[in-house]
Every structure is written in C-alpha cells, then in structure tokens.
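These are the residues of each chain, in order.
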Amino acid sequence: MAFSATDAAFEGFRLVRRNPLALVAWTLLYAVLTLTALFSLSNMIGPLEAWSAQAEALEGVEAPSMDQLMALATGFGGIMAQMAWLFPVSLVVGAMLAAAVARGVLKPSGDKFGYLRLGMDELRVLVVTFVLSLVMGFGAVLGFVALGVLIAVAKAGGGGGAAAIVGVLGCLGLIALFIWLAVRLSLAVPITVAEKRFAFFDSFGVTKGRFWPLLGMAVIAVVMVLLVELLSSMVSMPLGILSGHQGWSMGGGQDPEVVRAAFDLSNPWVIAHAVVEAIVAALTVGILYAPFAAAYRDITGGSSNTIDR
Amino acid sequence: MGDEMARFSIGTAINDAFSLMRRRPLSVFVWGLIMVAPSVAGLGLLWPMMGDMVAAMAMRAGTDGPDPAVMANMMQFQAASWLLNIVQLLLMVVIYTAVMRAMLRPRESSFFSLRLGMDELRIAVVGLAVIVGMYIAIFVLILIGMAIGFATWSAGSPTNWLVIVGLIVTAFVAICIALARVSLIAPASVLYRTFAFAEGWRFGRGQTGSLFGMGLLVMLIIILVEGIVFTIGMAIAVAAGMAGGMNWATPHSHTMDVNPFEGMNAVLAANWPWFAAGALVLSMVYGAVMTLSVGSYASACGQLAGNGGSIPADEQSPATVA
C-alpha cells in the first residue's frame, strides 16, 4: 500500500471503528490513573492547608531561622513526595498506550486487552521516547544558547535593531528546525514496536524524502484532535461545572472548600467528569499516534517480517 | 480535470451563486434560519443571565470579596456562551458544506442538501487547519513586525507611525491573500470527497489575484445588500414606532441605565412579533450572504476542475488531480 498522508491521518478513527473495545480498554486505563491521582490529590488538601498555615505564620516572623525554613521546605517536600509516584506511572501508562496504538495498526490480529501489554515492547518504547525527549530538550537548550550568543554578537556589531532581527529570525529558524526534527523522528515508536528493537534514530532513514507528506499528516491529526476536544467540551464543560472542577479553575483556587469539592470522589459528577476526560484522552491518543504507525506500515510496505498484516 | 492553464471567471462564479439562490430559495432561507435561530435563542438565554449578573453585582456594590452567587452566574454564563459558540461553529460547518454540495453536487438536493457525514468532518478539519495556519502566520508576522519596528524605531515620530500603519496594512493584505490562496481547498474536498489539500492548492496556483479580487467583490455586494436591507428595516421600524405599532412604554418603565439587559429583555418580550418577523428576514439575508460567499468559491473550484465554467450537471466527482 502506497503512503498517502490524508489516508494515514484517518488511521486512528479506522482503528477505533475496527476494534471499539480497544478504546474501552484505553479509557479504563486512563480512568484508573486519573481517579487514583484524584484520590491522592484529595488526601493532600489537609496537609497542604496545614502547611499554608505554617507558612503564613512564618511570614509574621521578622527573621526566620534556617531551621524554621528547612522545616517548611521539608514539609512541602513531604507533601509533594506523596504525588511522586504519579510521574513514573504516567510515563509507563504513556508507553503502554503508544505501544498499544502502534500494535493495533501494525499487528491488528493481536487485539487482546485492547492491544495493551506490559512487556519488552513497552520498555523499549519508554526508553526510546525518554531518550528522544532528552535529545530534543538538550537540542533546544543548545539552540537557544547559540541564539543568545548570536543576538549578543549582533547587538555588539549592529545595535538593538540588528539584534531584534537576528532574534526573530533565529527563533523562527529554531522552531522550523524542531518541527523538522520532530517529523524526522516521528516514526521511532512504530519502528520500535514493529521491529522489536531500540530504534532511536532509524526513523531518519524511513522518513527520508517524505518530510512534507508526514508534516501534512501530523497537521491533519492535530487538527482532528482539536476538533474532538472542541466537540467533547460540549459534554465535559457542563460536567466540569457540576463536579466543581470549573469553579476551582475559575478563581476559586485559594479556597480549600472549593478545591476539596473539585477532588471529592464521593461526588458522582467528579467521577463522571473524570471518565469523560478519560474517554477523550484515549480517543486523542488513538487519533494522534495511529497515523504514524500507518505511515511506517505504508512506507515500508509491510516489508518488516515482524509486521502482522 | 484541471490543467495548469485552467482559468475561472469571477462573473460566472458570482452568477452561479445567484443562480443557486434563484433555483433554491427555500434552501437558502433554511440555511440562514439554521444559523440565525440559535443566535436568537442564545440571546434569549444569555440576556436574562447577564441581567441577573448585573442585578447581583448592583446588590453587592460596596461589599468586599467575590460573591459565590455572582461567581456561579458568571460560570454558567461562560459555559452557556462557550457551548453556544461551539454549536454555531458546528452549524456553520454543516451549512457551508451544504452550500458547496448544492453547487458542486446538485443532484444531492434532498433535505436542503444538509447532511452530517464525512464531507462535514473534512470541512471542519480543513477549516480548523486554515484557522490554525492563519494564527501561526499572524504570530510570525507580528514577530517580523516587531523586528522591523525595533530596527526603525530610531527614525523618529512621523516615520514610526508610517512604518506601523504600513506594517499593519501589509500584514492584513498578506493574510487576506493567503486566505484567497487556500480558499479552494474546502470546495475541492467536497468535490473529490477526500482531504483535497493538494488539489485545492493546485487549483489556486496562478489564481490568487482573481480569488482575492472575487472576495473583495463579494464583500462589496454583501455590504450593499446589507445596507439596503438595514435601511428598509430601520424605515419600517421607525414607521411602526410612529404609528404606535411598537411598544416603547415597557422598556421605559425599566431602569435601562441601571440594568440594560433587563431593559432589552422587556423590549424583546413586548415586541416579539416584530423581532420574529425581523429574524425571518434576517434568515433570508444571511442565507443569501452565505450562498454568495461560499457558493462563488465552490463555483470557481468547479470551473477549475473542468466542469465547463458553470454549475456541474452531474454529481460524479471528477478524477482526482494527479
């Protein structure tokens, strides 16, 4: 099958239509994660209130001692540590979903548990995405440092006007560079899942000469995600108001009662809101990730012997 | 199939739009009504809410801290207006697609050419992509404008203002020209029943000036038509008011300066037959405006695709441009 950007962009919808239970499985995974996070957050409100009171009391002290400041910092660290588990778990869940979507497109027959697994594929996806994120982040830091140097040189040589022009052109250039890099690396996860190996930079070879169609495909996928989020807000926004979450995000952030209401798991509207958000998140993952797996499948023509056609 | 030498006629495109209005006036009215009715219903919903908010704020005047009732009203108002905006956007997608379908696939005329399917999804995606692209372009233009502004700031006062005005006008024209360049992607997507980004872009090649000019012409026609309708409407309203057909006593009994929304509600309630008749006229005008602005570009797309310079007679989509 020849690669068509507009065809591939729709792969997420095709995948969900072919196997709607996969969406249910992804939603359940997201819902469990969200509700557990909400439960943890609701348990943090009491300690946070006590910590705020301690901090306010310290504001009245003219010259707080180092011990007092350390005690305050340790208290805050202790509260935040209760949520520390969320970061690695979110990374693992993200890797499971990315691998599941790629598996759903590349190996559609293995549809048990909505293609969700927790094995070597997921570990490889986790490592590859983590390393590529680091590379991109490191590249961004380097790029902005280089731009800063260029701006300083331009200012010394040509004044403020020249520095502004260099700054704007440099920023635009960096944005273009990162878009290019992101597109060129975009097939890393499908390659990793299909070929069962750490494919850090193999995506460069597969995407060679196909930058524009892949960028167009990505733009269409992102726009479809925007559309889904726009439509889903018709349901999630009223639920957000009923659950109290909207009140929390609209200026009630300082009121402990409002925050407590937003995380109150005994309120069925809070659960309903979390479930709707989980459905949207699961659908979004499918719409956004599946096109890249389809692009890999169509570009390589299914030549990889590990792809189940 | 369109070729590189293909041209379209602005006159034919605008004539096709008017021809569609003549052939299917009821559809044009229904398209307008579908857009106007939710707006009117929205006003009926939002004005009382704004009236309640103003009344609650007036009662709280002089007291400190946010009132939970006012906050709740504000949240409800924001949610309602957001939902209304989304519904209107969705309806706009459905109506624009219907106009394009009526122009490019005239045989699919049942139920006023209105559908809710893949065509609509494609138009929504194309529309959103164009909006996102436009915002990115505006962002880039602002950055470039800032750089030029910094570079020329030392030139002094009159030059600075000339540069600012020049930049704003240039950016506005550049955005309009860019929108004209991509204006055929949506009708091409309806014509070919696919995401016709490539085909629409190819059709627009060498036609940007004509498409931009057609947009200006359509805008002038719309201003003219709306001016005439507004003048006639105002004349009827003034005549009816002088003849005693409209009730101005009710609003005057309200304190418009304290709570204008409550006053406007009273005006609406007391004169609802006039407003209902006005909404029906507005529906026809709005339907015609949409038919003209969307239909003319659909016709241009049809002409460039090789359908003989007028509304295609056959519903078969031409082969996709290679």
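Just so it is clear, the structure is predicted and the values come from calculations on it, not from any experiment.

Regarding the overall build of chain B
The number of helices and strands found in chain B is 11 helices and zero strands. Going residue by residue from the N terminus, the α and β elements of chain B occur as α-α-α-α-α-α-α-α-α-α-α. Counting over 322 residues, chain B shows a buried share of 26%. Of the contacts made within chain B by residues no fewer than 6 positions apart, 76% connect residues no fewer than 24 positions apart.

Concerning the interface of chain A and chain B
Of the residues lining the interface, 25 residues belong to chain A; the matching set on chain B comes to 21 residues. When residues of the side of chain A that touches chain B are assigned to their parent elements, the largest contribution, 13 residues, is made by helix H9 (residues 211-243) of chain A. The residue inventory of the side of chain A that touches chain B, partitioned by class, reads 17 nonpolar, eight polar and no charged.

Thoughts on the confidence of the model for chain B
Caution applies to low-pLDDT parts of the model: their predicted coordinates are not meant to be read in detail. All names here are of chain B. Averaged over every residue, the pLDDT of chain B is 84; the share at 70 or more is 85%. Here helix H9 (residues 249-253) stands out as the element of chain B with the lowest mean pLDDT, 57, in contrast to helix H1 (residues 10-23), whose mean of 96 is the highest. Ignoring residues within four places in sequence, the model shows residues 308-315, a span with pLDDT below 50, making 17 contacts including any to other chains. With a pTM of 0.78, the predicted complex shows an ipTM of 0.71.

Description of the nonpolar core
Val-101, Ala-102 and Ala-293 of chain A together with Val-99 and Cys-301 of chain B are the most contacted members of the largest nonpolar core, which has 110 residues in total. The biggest single contributor to this core is helix H12 (residues 268-300) of chain A, with 18 residues. In contact with Ala-293 of chain A, not counting residues within four places along its chain, are Glu-11, Val-101, Ala-102, Val-105, Leu-106 and Pro-190 of chain A. Counting six residues, the second-largest nonpolar core is a separate cluster that includes Ala-154, Val-166 and Val-168 of chain A together with Ala-147 of chain B.

Here we look at the environment of Met-219 of chain B
All names here are of chain B. Along the polypeptide, Met-219 turns up in helix H8 (residues 208-242). The exposure class assigned to Met-219 is partly exposed, which follows from the 13 C-beta atoms found within 10 Å. For Met-219 and Gly-206, which are 13 residues apart along the polypeptide, the C-alpha to C-alpha distance reads 22 Å.

Regarding the packing of helix H4 (residues 118-152) of chain B against helix H5 (residues 157-181) of chain B
All names here are of chain B. The N-to-C vectors of H4 and H5 enclose an angle of 160 degrees; their axes lie 11 Å apart at closest approach. Judged by the inter-axis angle, H4 sits roughly antiparallel to H5. Along this stretch, H4 crosses H5, giving a crossing that reads as right-handed. For the pair H4 and H5, contact is made by Met-134, Ala-137, Ile-138, Leu-141, Gly-145, Ile-148, Gly-149 and Thr-152 and by Thr-159, Val-163, Leu-167, Ala-171, Ala-174, Ile-175, Ala-178 and Leu-179, respectively. Residues belonging to the contact of H4 with H5 are distributed by class as follows: 12 nonpolar, four polar and no charged.

Structural notes on the confidence of the model for chain A
Per-residue confidence for chain A averages 87 on the pLDDT scale, and 93% of its residues sit at or above 70. Per-element confidence in chain A is highest for helix H7 (residues 188-195) of chain A, whose mean pLDDT is 95, and lowest for helix H10 (residues 245-249) of chain A, whose mean pLDDT is 61.

Quick word on H8 of chain B
All names here are of chain B. With 35 residues, H8 ought to run about 51 Å at 1.5 Å a step, and its terminal C-alpha atoms sit 50 Å apart, in line with that. Every buried residue of H8 is accounted for by Leu-211, Met-214 and Val-218. As for H8, its buried residues are in contact with H1, H5, helix H7 (197-204) and helix H11 (272-304).

What to know about the environment of Val-125 of chain A
By secondary structure assignment, the location of Val-125 of chain A is in helix H6 (residues 120-184). In this structure Val-125 of chain A touches Ala-95, Ala-98, Ala-99, Val-189, Thr-192 and Val-193 of chain A, once residues within four positions along its chain are discounted.

Re unusual backbone geometry
With a phi close to 50 degrees, Lys-196 of chain A is a non-glycine residue in the positive phi region. Of note, Lys-196 of chain A is situated in the loop between H7 and helix H8 (203-207). One non-glycine residue, Ser-113 of chain B, lies in the positive phi region at around 65 degrees. As for its placement among the helices and strands, Ser-113 of chain B is situated in the loop between helix H3 (68-104) and H4.

As for the packing of H1 of chain B against H11 of chain B
Residues and elements named next belong to chain B. Relative orientation of the contacting elements H1 and H11 amounts to 130 degrees, with a least axis distance of 7 Å. Between H1 and H11, the crossing angle belongs to the class labelled oblique. Handedness of the crossing formed by H1 with H11: right-handed. Contacts between H1 and H11 involve Thr-12, Ala-13, Ile-14, Asp-16, Ala-17, Leu-20 and Met-21 from the former and Ala-288, Thr-291, Leu-292, Gly-295, Ser-296, Ser-299, Ala-300 and Gln-303 from the latter. When its residues are assigned to classes, the contact of H1 with H11 shows eight nonpolar, six polar and one charged.

Section: H7 of chain A
Residue and element names in this part refer to chain A. The element H7 is extensively covered by neighbouring structure, given that seven of its eight residues are classed as buried. Here H7 has its buried residues at Ala-188, Val-189, Pro-190, Ile-191, Thr-192, Val-193 and Ala-194. Buried residues in H7 make contact with helix H5 (86-106), H6, H8 and H12. Looking one or two residues past H7, Lys-196 carries a phi angle of roughly 50 degrees, positive in sign.

Scoring rules and cut-offs
- Residues numbered from 1 in each chain as written.
- Chains lettered and ligands numbered in written order.
- Predicted model: local features only at pLDDT ≥ 70, side-chain atom pairs only at ≥ 80, totals over all residues.
- Helix = DSSP H or I, 4+ residues; strand = E, 2+ residues; numbered from the N terminus.
- Buried ≥ 20, exposed ≤ 12 C-beta atoms within 10 Å, placed from the backbone.
- Contact = placed C-beta atoms within 7 Å.
- Nonpolar A, V, L, I, M, F, W, Y, C, P; charged D, E, K, R; others polar.
- pLDDT = per-residue confidence, 0-100.
- Core = buried A, V, L, I, M, F, W, Y, C linked by C-beta atoms within 7 Å.
- Axes fitted to C-alpha atoms, helices over the stretch in contact; angles between N-to-C directions.
- Parallel < 35°, antiparallel > 145°, perpendicular 65-115°, else oblique.
- Left-handed = near helix turned anticlockwise from the far one by under 90°.
- Expected span 1.5 Å × (residues − 1).

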